[in-house]
Amino acid sequence: MKVEKNWQDAHLYPPDRLAVHVTNICNANCTFCAYQYLTDKKALLKEEHFVKTIDQYQDMGGSFVDFTPLVGDLLVDPKIFDKLNYVTGKNYFKTVRFYTNGILLGKKDYPKRLLEARPTNVTFSVPGFEEGLYQRVYRTKTYKKMLKGVHEFVRINKESGSPIKVNFSVKPDSPSEESVYTEDYKKFIEPYIDEDSIIFVTDLDNWGGSIKQEDLTGNMKLAPAIPIGKKNKPCYYTFFLALMVDGHIRLCGCRYNNGTEYDELVVGHVDDNSLLEIWQSDKAQETRANFLKGKLASVCQTCSHYAPYSGKERAEKTIINYMSRS
């Protein structure tokens, strides 16, 4: 019988995941993403903040590093492969993954460098494999560049024995037969991926109310709203820590609203406190406890991405057990 774990004890264990936001700059402008409304200063993560946070997360016993920015694309960072290699080179973390639009894999040697970096999982976010669809939903004319680079990566990954698990998160605005299972897909993608690699996203998140139905095209639709009354347990995503581009730490690296990532979910800065201190801070605990009182952060009130905490990713040992090794 599956036993639900007590959320109040979670701070004694490593954070379930660490999201590393190496940039908040994107080279696409997707209709379904709140990037189009972002007002924050565009930036790249400083190396000192990156190294400090990764090392401290490892010391705490953390095992899951996600390089997916809250918004933006990690491949925009010119030093992304140095950062990936720093993490995977430790041979410690069980999962090192990210989502990307794959556009910059069209750059010379990028597919090869990504393969050599050896993340465990790479998920490509695409609307489908048809140029008109791509321009309509991603609002960029880089379809051919994306297809060339992604094809090269999945090809060499396959030829190397598929050391990296590849998925495609697909968000079409038209029937899959005409937008996904196209000649481009059959020629450049399908021969090099597993049968379960295509994941359709049919109910799109509203980004805490930032995205409206009128932002979407074709037959795309938003996920049903979740009443605040049903958000009566701390959200699963508040048990992740996110390193922001300026060194702040935020609970939840998934969603924001009102045009800014800097909201009530920001709980510290790595220059002011250790990652452990931030993780176990009163502010972090209070933010989670507020779900029981119906006092939700603005983005949480209308977010359709909510999921109640279950502890399913909790580490086997407490932080003190991991830190006593050193």
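None of these values were measured; they are calculated from a predicted model. Residue indices follow the written sequence of each chain, beginning from 1 at its first position. In keeping with the model being predicted, local features are shown solely for residues with a pLDDT of at least 70 and side-chain atom pairs are shown and tallied solely at 80 or more, while totals for entire chains, interfaces and linings include all residues. No hydrogens and no water enter the side-chain calculation; it runs on all heavy atoms of the structure.

Enquirer: Account for the pairing of strand E1 (residues 17-20), naming residues and giving values.
Expert: Taken residue by residue, a regular strand's side chains alternate between the two faces of the sheet. Side chains Arg17 and Ala19 of E1 all project onto a buried face; the interleaved residues Leu18 and Val20 project onto the opposite face, where all are buried too. At least two DSSP bridges between two strands are needed for those strands to be called paired. Secondary structure elements are defined from DSSP: runs of H or I of at least 4 residues count as helices, runs of E of at least 2 residues count as strands, and each element is numbered from the N terminus. Of the strand pairs in this sheet, E1 and strand E9 (residues 240-243) are connected by 4 bridges, and their pairing is parallel. Bridge assignment links Leu18 to a residue of E9, and that residue is Leu241. Looking at chain direction, E1 and strand E2 (residues 64-66) are connected through 2 bridges and run parallel. Think of it in three bands: residues with accessible area under 20% of the maximum for their type are buried, residues over 50% are exposed, and the middle band is partly exposed, with areas taken using a 1.4 Å probe on protein chains only.

Enquirer: Run through the environment of Ser176, naming residues and quoting values.
Expert: Here Ser176 lies in helix H6 (residues 176-179). It is 7.9 Å that separates the C-alpha atoms of Ser176 and Gly128, two residues lying 48 residues apart in sequence. In this analysis, two residues are considered to be in contact whenever any of their non-hydrogen atoms come within 4.5 Å of each other. In this structure Ser176 touches Tyr181 and Phe200, once residues within four positions along its chain are discounted.

Enquirer: Outline the packing of aromatic side chains, listing residues and values.
Expert: Pairs of aromatic rings are described using the distance from one ring centre to the other and the angle between the two planes. Stacked, tilted and edge-to-face are the three classes applied to pairs of Phe, Tyr and Trp rings, where Trp contributes its six-membered ring and a pair requires centres within 6.5 Å; stacked means planes under 30 degrees apart, edge-to-face means over 60, and tilted covers the rest. Summed over all chains, the structure comprises 20 aromatic pairs. For the ring pair Phe129 and Tyr185, a centre distance of 5.5 Å and an interplane angle of 35° mean the geometry is tilted. One end of the pair, Phe129, is in the loop between strand E4 (121-126) and helix H4 (131-138); the other, Tyr185, is in helix H7 (residues 183-189), with 56 residues separating them in the sequence. Residue classification places Phe129 among the buried positions, given a relative accessible area of 1%. Judged by centre distance (6.1 Å) and plane angle (20°), the ring pair of Phe291 and Tyr306 falls under stacked. Taken together, the positions of Phe291 in helix H9 (residues 282-293) and Tyr306 in the loop between helix H10 (298-302) and helix H11 (319-323) put the pair 15 residues apart, joining distant regions of the chain. An identical accessibility class is assigned to Phe291 and Tyr306; each is buried. A network of ring pairs unites the aromatic residues Phe124, Phe129, Phe153, Phe168, Tyr181, Tyr185 and Phe200 as a single cluster.

Enquirer: Lay out the pattern of salt bridges with the relevant residues and their values.
Expert: Only one rule defines a salt bridge in this text: a Lys or Arg side-chain nitrogen within 4 Å of an Asp or Glu carboxyl oxygen. One pass over the full model with this rule turns up 14 salt bridges. The partner of Arg136 in a salt bridge is Asp173, and the shortest N-O contact between them spans 2.7 Å. Remark: Asp173 occurs in the loop between strand E5 (165-170) and H6 and Arg136 occurs in helix H4; sequence separation between them is 37 residues. Here Asp205 makes a salt bridge to Arg255, at a shortest N to O gap of 2.6 Å. In this pair, Asp205 sits in the loop between strand E7 (203-204) and strand E8 (221-222) while Arg255 sits in the loop between strand E10 (248-251) and strand E11 (266-269), placing the two residues 50 residues apart along the sequence. Each member of the pair Asp205 and Arg255 is classed as buried. Through salt bridges with shared partners, a single network forms among Glu152, Arg155 and Glu159.

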